[in-house]
Amino acid sequence: MPKSIVLQDMANIGSNLNKAKSIIQSGGLVAIPTETVYGLGADALNPDAVASVFSTKNRPTFDPLITHISSIGQVDSYTLRWSNKAWALAKKFWPGPLTLLLPKSNSIPDLVTSGMEKVAVRIPKSELTLKLLNLLKSPLVAPSANPFGYVSPTNPKHVEDQLGNKIPYILDGGECEIGIESTIVGFDSEDNATVYRLGGLSVDDIKNEIGDVQITAHSTSNPQAPGMLKSHYSPKVKIKLGNIYAGLDKIKEIDQVGIISFMQPVQKVPPNHQVVLAPDGSLKTAAKNLFSALRYMDTINISTLLIEEVPDYGLGEAINDRLRRAAVK
């Protein structure tokens, strides 16, 4: 059973690394910043602390967690071997929004990997979190710091709103730079690469480094990597994904509609019921604003949310993946 921890009414928010270190070393949970989203950090080598992550998020234990480290040199402590392509990607893109699936060593508890033989590993690109990792003797598991299935947090306030009464501390690293989760890549015995989750590193960037990759980004009940479940990242209202103008033509009560568009607002809908992801047309801007837009729609009085897909290349592939999974009920 997870260790019982006495918590305050609401989490403190701050940048005290020693406080964060003390909580984690005692088996507690701390929300940590990364360049992708905020994670719910716990000692990856402490099974009780890992169990607390699953219970706090209400996350199914068959959905594995990512292990965060501070340097490439630490990989050998928690995995059995590198593949040539994994090594090439790590040297090129770490620290950054890339997670690698590698054969795990016995030092990693089975609960972290949901009993699977590979562990998901990455080095986050956050100065504050890297400093914390260097203070600790253990790596950190850190799935997104939100209740399972809901929208991932991209700033400390998001974490406070959702988990503030369940964790003692939120390490404040400001707004996340990228805003969507890391890309996950695994390798078979012949070093063929597969993308198991689309994310903040584009498939094109990966191909440019190691050649062709396969994409297997969804699983209904038996995910091979973190974040593969088909239904995920969802706000509370009904979502319709596609042509927002065609969707509007079928709705009588316009004041009950929310809109998330790529570049342009919609004339018929009240401005406070709309979010334009990227007025500048940048997919990077759209990715950074995506989860905040989904969260905002839960704060207004609407019954239906119409969402426009973004151009389906580069970061757009990951954005559209998140939108399609948000639309699954």
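Quick note: structure is the one above.
Quick caveat: nothing in here was measured; it's all calculated off a predicted structure. (Residues numbered from 1 in each chain as written. Predicted model: local features only at pLDDT ≥ 70, side-chain atom pairs only at ≥ 80, totals over all residues. Heavy atoms only, no water.)

Give a detailed account of the environment of Asn58, specifying residues and quantitative values.
Summarising the element assignment, Asn58 is placed in the loop between helix 2 (47–57) and strand 4 (66–68). Residue Asn58 is classed as exposed on the basis of its relative accessible area of 63%. Each C-alpha atom, one on Asn58 and one on Trp82, is 33 Å from the other, the two residues being 24 residues apart in sequence. (Helix = DSSP H or I, 4+ residues; strand = E, 2+ residues; numbered from the N terminus. Buried < 20%, exposed > 50% of the residue type's maximum accessible area, 1.4 Å probe, protein only.)

Pulling in residues and values, what's your account of the pattern of salt bridges?
Following the criterion strictly, the structure yields 11 salt bridges and no others. One salt bridge in this structure joins Asp321 and Arg322, with 2.8 Å as the shortest N-O distance. You'll find Asp321 and Arg322 in the same group, each marked buried. In the salt-bridge network here, residues are joined through shared partners; they are Glu181, Asp321, Arg322 and Arg325. (Salt bridge = Lys/Arg side-chain N within 4 Å of Asp/Glu carboxyl O.)

Let's hear about the packing of helix 4 (residues 84–93) against helix 7 (residues 203–210): which residues, and what values?
For the pair helix 4 and helix 7, the least separation of the axes is 10 Å and the interaxial angle reads 120 degrees. One way to sum up the angle between helix 4 and helix 7 is to call them oblique. With respect to the hand of their crossing, helix 4 and helix 7 are arranged in right-handed fashion. Each of Lys85, Ala88, Leu89, Lys92 and Phe93 in helix 4 lies in contact with helix 7, whose residues at this interface are Asp205, Ile206, Glu209 and Ile210. Among the residues making up the contact of helix 4 with helix 7, the classes are represented as five nonpolar, no polar and four charged. (Axes fitted to C-alpha atoms, helices over the stretch in contact; angles between N-to-C directions. Parallel < 35°, antiparallel > 145°, perpendicular 65-115°, else oblique. Left-handed = near helix turned anticlockwise from the far one by under 90°. Contact = heavy atoms within 4.5 Å. Nonpolar A, V, L, I, M, F, W, Y, C, P; charged D, E, K, R; others polar.)

Which residues make up the packing of aromatic side chains, and what values do they have?
To describe a pair of aromatic rings, one takes the distance between the centres and the angle between the planes. One pass over the full model with this rule turns up two aromatic pairs. Measuring from centroid to centroid gives 5.0 Å for Trp82 and Trp87, while their planes differ by 80 degrees, and the two rings are edge-to-face. Grouping aromatic residues by their ring pairs yields a cluster made of Trp82, Trp87 and Trp94. (Phe/Tyr/Trp six-rings, centres within 6.5 Å; stacked < 30°, edge-to-face > 60°.)

Could you give an account of helix 4, with specific residues and numbers?
Within the sequence span of helix 4, burial applies to Ala86, Leu89, Ala90 and Phe93. Viewed end-on, helix 4 has its buried residues packed into an arc of 100 degrees, placing them on one side of the element. Relative to its buried face, helix 4 has exposed residues pointing more than 90 degrees away, namely Asn84, Lys91 and Lys92. Along its buried surface, helix 4 packs onto strand 5 (98–103), strand 9 (183–187) and helix 7. (Arc of directions from axis to C-beta.)

Tell me about the sheet that holds strand 10 (residues 193–197), residues and numbers included.
Judged by pairing direction, the sheet is mixed, and its 11 strands sit side by side in the order 1-8-2-3-7-4-6-5-9-10-11 without closing on themselves. Pairing within the sheet leaves two strands with one partner each, and these edge strands are strand 1 (12–14) and strand 11 (214–215). Bridge count for strand 2 (residues 30–32) against strand 8 (residues 169–171) is two bridges, and the pairing is parallel. From the neighbouring strand, Ala31 faces strand 8, where its bridge partner is Ile170. The strands touched by helix 1 (residues 17–25) within the sheet are strand 1, strand 2, strand 3 (39–43), strand 7 (140–141) and strand 8, with strand 8 carrying the most contacts at an inclination of about 130 degrees. (Pairing = 2+ DSSP bridges.)

Describe in detail the pairing of strand 13 (residues 257–261), supporting the description with residues and values.
Across the five residues of strand 13, five count as buried, placing the element largely inside the fold. With burial as the criterion, each face of strand 13 is covered, one bearing Val257, Ile259 and Ser261 and the other bearing Gly258 and Ile260. Two strands pair when backbone bridges link them, and strand 13 and strand 15 (residues 304–307) are joined in this way by four bridges, in the parallel orientation. Within the sheet, the bridge partner assigned to Gly258 lies in strand 15 and is Leu305. Sheet topology places strand 13 next to strand 14 (residues 274–276); three bridges connect them, and they run parallel.

These values are about where atoms sit, not about what they do.
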